[in-house]
Amino acid sequence: MESIQPLPRMIGALLRIPFQQTVARVYQRLMEAGYTDLRPTHLVLFQQLRPEGMRVTELASLAQMTKQSMGAIVDYVEERGYIERVPDPRDGRARLVRLTPRGREVERVARAAIGELESEWAQYLGHERFAALRSALQDLVTFIESQGESARLS
């Protein structure tokens, strides 16, 4: 009987599997640090949010989700004191979402968890290969971002 060889994984899976591991590690460390009211779904907000703050519509666009879905995440995370909404200095009618000190602590825990994971991967791959992987991914992100938002979503 002929054996069927599995097809090689496509680039989406090769990117998604490490991403899923990253989310799982961050979530685990947040739970261990006592942030038990957050779920992996909420982490998309922390991944996108810039220090100066952002509008919900911009967060939703970057996360490739509806404004309503991002709004629900923002409401939940705000109610728990991780973020706040402040007036946008460029447009008094708009509001910016930004981290509170509690949110910055979550970011600190998340960054430490990611650093831990990166160290493990660098040890497994070798520091040179891991540095090359990181550099190639950064170059790819720079290229994608240079194409504009419509290229990212199409």
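Keep in mind that this is a model prediction, so the values were computed, not measured. (Residues numbered from 1 in each chain as written. Predicted model: local features only at pLDDT ≥ 70, side-chain atom pairs only at ≥ 80, totals over all residues. Heavy atoms only, no water.)

Asker: Looking at this structure, I do not really get the packing of helix H5 (residues 101-125) against helix H6 (residues 127-146). What am I missing?
Answerer: Two quantities define a packed helix pair, namely the angle between the axes and the distance from one axis to the other. Across the interface, H5 lies against H6 with an axial gap of 6 Å and an inter-helix angle of 120 degrees. If you check the angle between H5 and H6, you find them oblique. Each of Glu 118, Trp 121, Ala 122 and Leu 125 in H5 lies in contact with H6, whose residues at this interface are His 127, Arg 129, Phe 130, Leu 133 and Arg 134. (Axes fitted to C-alpha atoms, helices over the stretch in contact; angles between N-to-C directions. Helix = DSSP H or I, 4+ residues; strand = E, 2+ residues; numbered from the N terminus. Parallel < 35°, antiparallel > 145°, perpendicular 65-115°, else oblique. Contact = heavy atoms within 4.5 Å.)

Asker: In this structure, what is going on with helix H1 (residues 11-32)? I would like to understand it.
Answerer: For an α-helix the count is 3.6 residues per turn, leaving residues at separations of three or four pointing the same way. Helix length check: H1, at 22 residues, gives a terminal C-alpha distance of 32 Å against a target of 32 Å (1.5 Å per residue), a fit within 8%. When H1 is considered as a whole, its buried residues turn out to be Thr 22, Val 23, Arg 25, Val 26 and Leu 30. Projected onto a plane normal to the axis of H1, the buried residues spread over an arc of 165 degrees and lie on a single side. On its buried face, H1 sits against helix H2 (43-48) and H5. Following H1 by one or two positions, Gly 34 has its phi on the positive side, about 95 degrees. (Expected span 1.5 Å × (residues − 1). Buried < 20%, exposed > 50% of the residue type's maximum accessible area, 1.4 Å probe, protein only. Arc of directions from axis to C-beta.)

Asker: Explain the packing of aromatic side chains to me, please; I cannot follow it from the model alone.
Answerer: Scanning the model with the defined rule gives 2 aromatic pairs in all. Where Phe 46 meets Tyr 82, the ring centres are 6.3 Å apart and the plane angle is 80 degrees; that geometry is what we call edge-to-face. Here the residue Phe 46 occupies a position in helix H2, and Tyr 82 occupies one in the loop between helix H4 (67-79) and strand S1 (83-88), the gap between them amounting to 36 residues. Site record: aromatic cluster; members linked through ring pairs are Tyr 35, Phe 46 and Tyr 82. (Phe/Tyr/Trp six-rings, centres within 6.5 Å; stacked < 30°, edge-to-face > 60°.)

Asker: Help me understand the pattern of salt bridges in this model?
Answerer: Between side chains of opposite charge, a pair can form as their charged atoms come close. Using the criterion set out here, one finds 17 salt bridges in the structure. In this structure, Arg 50 engages Glu 52 in a salt bridge whose closest nitrogen and oxygen atoms are separated by 3.0 Å. Take Arg 50: its relative accessible area is 34%, and that puts it in the partly exposed class. A salt bridge links Arg 90 to Asp 88, with the nearest nitrogen and oxygen atoms 3.4 Å apart. For Asp 88, a relative accessible area of 2% corresponds to the buried category. Shared partners join several salt bridges into a network, and the residues in it are Arg 25, Arg 29, Glu 32, Glu 116 and Glu 120. (Salt bridge = Lys/Arg side-chain N within 4 Å of Asp/Glu carboxyl O.)

Asker: Any chance you could explain the side chain of His 42 here in plain terms?
Answerer: For His 42, the location among the structural elements is in the loop between H1 and H2. Judged by relative accessible area, His 42 falls into the buried class, the value being 9%. The contact partners of His 42, leaving out residues within four places of it in the chain, are Asp 37, Ile 73, Tyr 76 and Val 77.

Asker: I keep staring at the pairing of strand S2 (residues 91-99) and nothing clicks. Help me out?
Answerer: Regular strands have side chains that alternate between both faces of the sheet. Here S1 pairs with S2 via 6 bridges, running antiparallel. Looking across to S2, one finds that Pro 87 is bridged to Arg 95. The antiparallel hairpin formed by S1 and S2 contains 2 residues in its connecting segment. (Pairing = 2+ DSSP bridges.)

Asker: Sorry if this is basic, but what is going on with the packing of H1 against H5 here?
Answerer: Two numbers describe how H1 lies on H5: the axes approach to 9 Å, and their chain directions differ by 130 degrees. One way to sum up the angle between H1 and H5 is to call them oblique. The crossing of H1 and H5 is right-handed. Every residue of H5 that contacts H1 at Pro 18, Gln 21, Thr 22, Arg 25, Val 26, Arg 29 and Leu 30 is listed here: Val 106, Val 109, Ala 110, Ala 113, Ile 114, Glu 116, Leu 117, Glu 120 and Trp 121. Taken together, the residues of the contact of H1 with H5 break down into 10 nonpolar, 2 polar and 4 charged. (Left-handed = near helix turned anticlockwise from the far one by under 90°. Nonpolar A, V, L, I, M, F, W, Y, C, P; charged D, E, K, R; others polar.)

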